[in-house]
Amino acid sequence: SNTVEVTLSASLTSIANAQSYYNSDQAAIDANGGANGTNTPASASVTTVADKCTVVGNLSAQTASGVTSDAGQNARTTNNGALGTGASDDKGDVTPAGSATLTWNGLGALDSWAIGLVSLRPPSGRTTKNTDLRPLGVFAGHSRHMPFQI
C-alpha cells in the first residue's frame, strides 16, 4: 500500500480525494489535461495517445452540494462540504485512441471549478479490453491533516 498525506499550512476547511489504480502502465502516463471555468456543466477533455486507456478525472468546485457525474463515466467518490465539492470519476476503455471528455453537472451559475485529467495506459503488450484497470482504493475526507492508505 501507499500513503497519501495532506497537511495544510493553516487551519481551514479542505476537501481531498485520491485514487490508486492497478493493472496500468507504471512507467508513464499516456496524456493529461484539464480545464477551469464557471457555471454548469464543468467539463474537460484529453486526447489519449494509446488505445484502450482509462481517463481519470478530478473536479474541485465551489458548489456545496448537488454535483452529479455525467452518464457514461464512473463516479468513484464525491466529497462535499460548506466550501465546495471534490469529485473523482473515470471513463474507459477509450478505443480507438482519441478525445475523451468528463463532465459534472449541478454546479451553481457563478461557481468556479477546476478539473484535472490523466489518461492511464494499459500495461505494455495488452491487446484486449482493459477491464482490469480499476481503482485499488478510493479516499475522500475533510480535515486539516488527512493521512490515509490506499
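What comes next concerns the included structure. Model, not experiment: these values are computed from the prediction. (Residues numbered from 1 in each chain as written. Predicted model: local features only at pLDDT ≥ 70, side-chain atom pairs only at ≥ 80, totals over all residues. Heavy atoms only, no water.)

Let us now look at the pattern of salt bridges. Tallied over the full model, the rule gives three salt bridges. Here aspartate 25 and arginine 121 are joined by a salt bridge, their closest N and O atoms 3.2 Å apart. Within this pair, whereas aspartate 25 is found in the loop between strand E2 (15–22) and strand E3 (31–38), its partner arginine 121 is found in the loop between strand E10 (112–120) and strand E11 (134–142), the two being separated by 96 residues in sequence. (Salt bridge = Lys/Arg side-chain N within 4 Å of Asp/Glu carboxyl O. Helix = DSSP H or I, 4+ residues; strand = E, 2+ residues; numbered from the N terminus.)

On to the sheet that holds strand E6 (residues 68–69), then. The antiparallel open sheet is built from three strands, whose spatial order is E4-E9-E6. Looking at strand neighbours, the two that pair on one side only are strand E4 (42–47) and E6, the edges of this open sheet. The pairing of E6 with strand E9 (residues 99–105) spans two bridges and is classified as antiparallel. Its bridge partner being in E9, threonine 68 is matched across the sheet by asparagine 105. (Pairing = 2+ DSSP bridges.)

Turning to the sheet that holds strand E5 (residues 53–61), a few remarks are in order. Across the sheet, five strands lie side by side as E3-E10-E5-E8-E7; this open sheet has antiparallel pairing. Of all strands in the sheet, those bounded by a partner on one side alone are E3 and strand E7 (74–81). Each adjacent strand pair in this sheet contributes to an overall mean axis angle of 10 degrees, direction not counted. When E5 meets strand E8 (residues 84–94), the two strands line up antiparallel, connected through nine bridges. When the sheet's bridge partners are listed, threonine 54 is paired in E8 with glycine 92. (Axes fitted to C-alpha atoms, helices over the stretch in contact; angles between N-to-C directions.)

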